[in-house]
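These are the residues of each chain, in order.
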Amino acid sequence: MQKFMPAIMITIGAICVSLWLFGMFVTAAGAGAFEVFYTIYRAAFGSWFSWQNTLVRAAPLMLTALCTALPARMGLIVIGGEGAMVAGGVMAAITGIALNGMAPMIVISAMLITSAIAGGMWIAAVGALKYYRGVNETISSLLLNYIAIAIMSFLVIGVLRDPETLNKPSSSHIGEANMIGAIGESSIHWGLGIGLIVCLILWFVMRRTTFGFAADMAGGNLRAAQISGLNVGSMLLLVCFAGGAAAGIAGMIEIAAVHGRLNVSLNSGYGYAGILVAFLARHNPVAIIPVAILLGGIQASSGLLQRSHDLPDATALVLQGIIFVVILASETLYGKPILAWFRSARTYQLTSSERLN
Amino acid sequence: MKNKKEMSEEKNMLASRRNFMKKVAMAGVAGVAAGWLPVTAQAASKVKMGFIYVGPRDDYGYNQSHFEGKSAVAQQSWVKAFDEESVPETIEVQKTMESMINLDGAQVIFPTSFGYFDPHILKVAKKYPDVMFLHCGGLWDANKHPKNVGSYFGYIDEPMYIAGIVAGLTSKTNKLGFIAAIPIPQVLRNINSFTLGARSVNSKITTNVVFTGGWANPVKEAESANSMADQGVDVLTCHVDSPKVVVETAEKRGIYSCGYHANQSVLAPNGFLTGAEWNWSKVYSDYAEMIKAKKTIPNLVRGGLKEGMVKTSPYGKAVSTKAKAAADKVKDKFMDGSMIVYQGPIKDNTGKTVIPAGKQYKQTDIWLESMNWLVEGVIGSTSS
C-alpha cells in the first residue's frame with residue numbers, strides 16, 4: 001500500500017487543485033462555486049438515477065482508455081481509440097446483420113470476437129508501422145481515426161444502407177434478440193460488466209505476468225529489452241492489438257446495447273475521451289475504472305449544470321481540461337523530495353522503478 | 001407520475017436484493033426531486049417543456065432556430081422551459097431526457113435532432129408513458145410508434161423556392177452554388193426547389209452542388225464555398241447545420257448568399273439576399289397552448305408558409321425591387337395554397353422525365369419524401 005501512496009496522494013492533490021481552479025472559473029462565469037460543486041455531485045453521484053447515468057457513460061470510456069493505456073506501457077502514445085472503436089462497431093454490425101436469426105448467444109459472441117479482431121488489427125497496424133517503418137504512432141493512429149470514420153460513412157451510405165432509413169442513412173438492424181440487455185432492473189447495459197472484466201484481465205496480464213513485466217521493461221528501455229533477448233516487435237504488436245481490441249469491443253457494445261444499427265452516431269468522441277481517462281489513470285488498467293467513473297460523472301453533470309446554473313455546455317469540458325492539465329503537470333512531482341514527507345526513507349529508494357507506474 | 005411508478009413497483013415487490021436497491025434508488029430520485037423543490041415550487045402549475053439540441057445554441061443555424069423557438073415560448077409566465085445543448089445521438093440523449101423528466105418534471109420533451117428518434121426517443125417514451133415526446137423530423141407512424149410520441153416538421157423547401165427566385169433574378173453569372181451535407185431526400189428537395197425557383201424566373205440558371213459528407217464540416221464548407229466562387233458562382237446557399245461559414249465566406253468573396261435555418265443577415269450585411277427559416281416560436285407556442293388547455297396533442301404536425309411553420313428571412317439591401325416583387329407574388333400564392341412546386345413536366349439532370357406533364361405532387365405528398373434525383377439545371381450527382 002505504501003508503494004501506491006505517492007500516486008494516490010498526488011492524484012487526489014491534483015484533483016483538489018483542479019476543483020479550486022474550476023471554482024474560480026465558474027465564479028468568473030457568474031455562478032456560485034459551491035452550488036456548482038453540489039450540482040455536479042448531485043447529478044453524478046447523488047442518487048441511484050445519477051449513478052446509472054454516470055456508469056452508463058463510464059462503460060465505453062473504460063474500454064477506449066485501454067487503447068491508449070496499453071501501448072503507453074511500451075512507450076507508445078496511441079490516440080486511435082476512436083478509429084478502433086468505429087472499426088469494431090462496423091465489424092460488429094456486419095456480423096450481427098449476417099448472423100441475424102441464429103441463437104443470440106452465438107451472434108453476440110461472434111460480434112464480440114469480430115469487433116475485437118477489427119479493433120485489434122486497426123491498432124496493431126499502428127504498432128507495425130511504428131516498429132517496422134518508424135512511422136510516428138501518434139500521427140498514424142490519429143489519421144487512422146479519420147480513415148475508419150470515412151469507411152464507416154461509405155458503407156452506411158452505400159452497401160450496408162437499409163433503404164428504409166431515408167433521412168439518416170443507417171444499416172439494417174442487428175435484430176432485437178441480439179441486443180445486449182440491461183443489468184437487472186437498472187438502465188445500465190451489460191457493457192459496463194464487459195468493461196470491468198476487460199480492465200481487470202488486462203491489469204492482470206500487464207501487472208502480474210512475465211509478459212506484462214517484459215512489456216514494461218521494453219517501455220522503460222527498449223535497447224536493454226532487446227539485449228536481454230526479448231522479442232520486442234511481436235510484443236509491441238500484441239500489446240497494440242490488445243488495446244485496439246478493447247476499443248473495438250466498445251464499438252460492439254455501442255451497436256449491440258444502444259443503437260442496434262450502424263450509423264454515424266457511432267462516432268461520438270468516446271475514443272478521444274478515453275485518451276484523457278488513460279492519462280489520468282497513469283496507464284494503469286485497474287485505475288482506469290475509477291477514473292472512467294469520475295469522468296462519466298462529470299459528463300453526466302453537464303446537463304444539470306446547463307439547466308440549473310445557466311452555464312454553457314462547455315463547462316464540463318472545461319473541468320475535464322483543467323483536471324487533465326493539472327494531472328499532467330503533477331507528473332513532475334513524482335520522486336521529488338517534497339514527497340519524502342509522507343513516506344519513509346527506505347521506500348524513497350524505490351522511486352526510480354515507480355516512475356514506470 | 002413518479003408516485004404511480006413507485007406504487008406499481010411496490011406491488012411487484014419481491015424480497016430480493018435487486019428490488020431493494022431499486023427502492024433505494026427511487027427514494028434517491030425522489031430525494032433529489034424534493035431537493036429541487038424550493039427552486040420550482042412556485043412553478044408547480046406551469047407547463048414544463050424540455051428542449052434538446054445536438055449542437056450549440058448559438059450556431060446561427062438549426063440549433064439556434066430551435067433555441068429561438070424555446071426562448072420565445074419561455075417568455076410566457078405560465079411556461080417553464082429548459083434546454084440542453086450539444087447532446088450527442090447516443091445513450092447520452094436518453095439520459096438527458098430521463099433527467100429532464102425526473103429532475104425537472106418535464107411534461108413534454110422536444111428532442112430536436114433527427115437522429116434522436118430511433119432508438120433513443122422510442123426507448124425512453126415506452127418507459128415514461130405520461131410524458132409527451134415531440135420529435136422534429138416527421139417520422140411518427142401510428143402503426144409502429146407509441147401514442148406519447150409525435151413529430152412535427154415544416155416544408156422548408158417553400159421558402160427555399162422563394163430564395164431561388166431572388167437568387168435567379170440577382171445572379172449576373174447565372175451560376176448558383178449549393179453546399180449540402182449528405183444526399184438524403186430532405187436535402188435533395190431543398191436543392192431542387194431552390195433550383196426550380198431560380199429557373200422559373202431565369203431559364204439560364206445552373207446550380208452547382210457539393211456534398212460535404214457531414215452536417216457540421218466547416219473546413220469543407222469553406223473550401224467548397226471558395227472553389228465555387230472561383231468557378232464564377234455568384235449566389236451561394238446551403239443545407240448544413242450551421243450556414244455561418246458559407247454565408248461569411250460568400251461575403252468575404254464579395255458574392256451573394258441566401259441563408260438557411262435561421263436569419264444570417266448580420267453575417268453578410270452586403271451580400272445577404274434572403275433565406276429559408278424555421279418558425280419554431282409559433283410551433284412551440286402552439287404546443288404550449290394545447291398543453292395548457294389540456295387538449296390532445298396531435299401526433300403529426302406538418303406545414304409550410306401558409307401554416308406558419310416556416311418563413312423567409314427579411315430581404316437584404318442587395319435585392320432589387322423587381323426581385324422582391326417576383327418573390328412576393330409567389331409567396332402570396334403559397335399563402336393562399338395555390339402554389340405547387342412539383343408539377344410536371346419536370347426532368348432530372350440526366351434528361352429523364354421524373355414528373356410527366358399534367359402530373360402534380362402537392363407538398364403533403366409522401367412521394368416527395370423519398371426524393372432521390374436532382375432536377376434539370378443542377379450540376380452534381382446524388383452519389384457524390
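Rules of the game
Residues numbered from 1 in each chain as written. Chains lettered and ligands numbered in written order. Predicted model: local features only at pLDDT ≥ 70, side-chain atom pairs only at ≥ 80, totals over all residues. Helix = DSSP H or I, 4+ residues; strand = E, 2+ residues; numbered from the N terminus. Buried ≥ 20, exposed ≤ 12 C-beta atoms within 10 Å, placed from the backbone. Contact = placed C-beta atoms within 7 Å. Domains from an automatic or database assignment. Axes fitted to C-alpha atoms, helices over the stretch in contact; angles between N-to-C directions. Parallel < 35°, antiparallel > 145°, perpendicular 65-115°, else oblique. Nonpolar A, V, L, I, M, F, W, Y, C, P; charged D, E, K, R; others polar.

**Considering the overall build of chain B**
Here's step 1: From N to C terminus, chain B includes 11 helices and 17 strands.
Here's step 2: In chain B, which comprises 384 residues, the share counted as buried stands at 52%.
Here's step 3: In chain B, the share of contacts with a sequence separation of at least 24, taken over all contacts with a separation of at least 6, comes to 67%.

**Quick look at the domain arrangement of chain B**
Residues and elements named next belong to chain B.
Here's step 1: Domain boundaries in chain B define domain 1 (44–154) and domain 2 (157–277 + 311–379).
Here's step 2: Between the C-alpha centres of domain 1 and domain 2 the distance comes to 29 Å.
Here's step 3: Every contact between the two is made by eight residues of domain 1 and, on the other side, 10 residues of domain 2.

**So, the packing of helix H3 (residues 48–73) of chain A against helix H4 (residues 91–104) of chain B**
Here's step 1: Running from N to C, H3(A) and H4(B) point in directions that differ by 170 degrees, and their axes come no closer than 10 Å. Overall, the two elements H3(A) and H4(B) adopt an arrangement that is roughly antiparallel. Along its contact with H3(A), which presents Phe49(A), Asn53(A), Val56(A) and Arg57(A), the element H4(B) presents Ile91(B), Glu92(B), Lys95(B), Ser99(B) and Asn102(B).
Here's step 2: Considering only residue class, the contact of H3(A) with H4(B) consists of three nonpolar, three polar and three charged.

**Some details on unusual backbone geometry**
Here's step 1: Following Asp118(B), the chain continues into Pro119(B) via a peptide bond in cis, with omega recorded as 10 degrees.
Here's step 2: With respect to the helices, strands and loops of the structure, Pro119(B) is situated in helix H5 (residues 117–127).
Here's step 3: Cis geometry marks the peptide bond from Gly344(B) to Pro345(B), where omega comes out at 0 degrees.
Here's step 4: Of note, Pro345(B) is situated in the loop between strand S13 (342–343) and strand S14 (346–347).
Here's step 5: A positive phi is found at Arg282(A), a non-glycine position, where the angle reads about 50 degrees.
Here's step 6: Among the residues examined, Arg282(A) registers 19 C-beta atoms within 10 Å and is labelled partly exposed.
Here's step 7: Despite not being glycine, Asn174(B) has its phi angle at roughly 65 degrees, a positive value.
Here's step 8: Considering the arrangement of structural elements, one finds Asn174(B) in the loop between helix H6 (157–170) and strand S6 (175–180).

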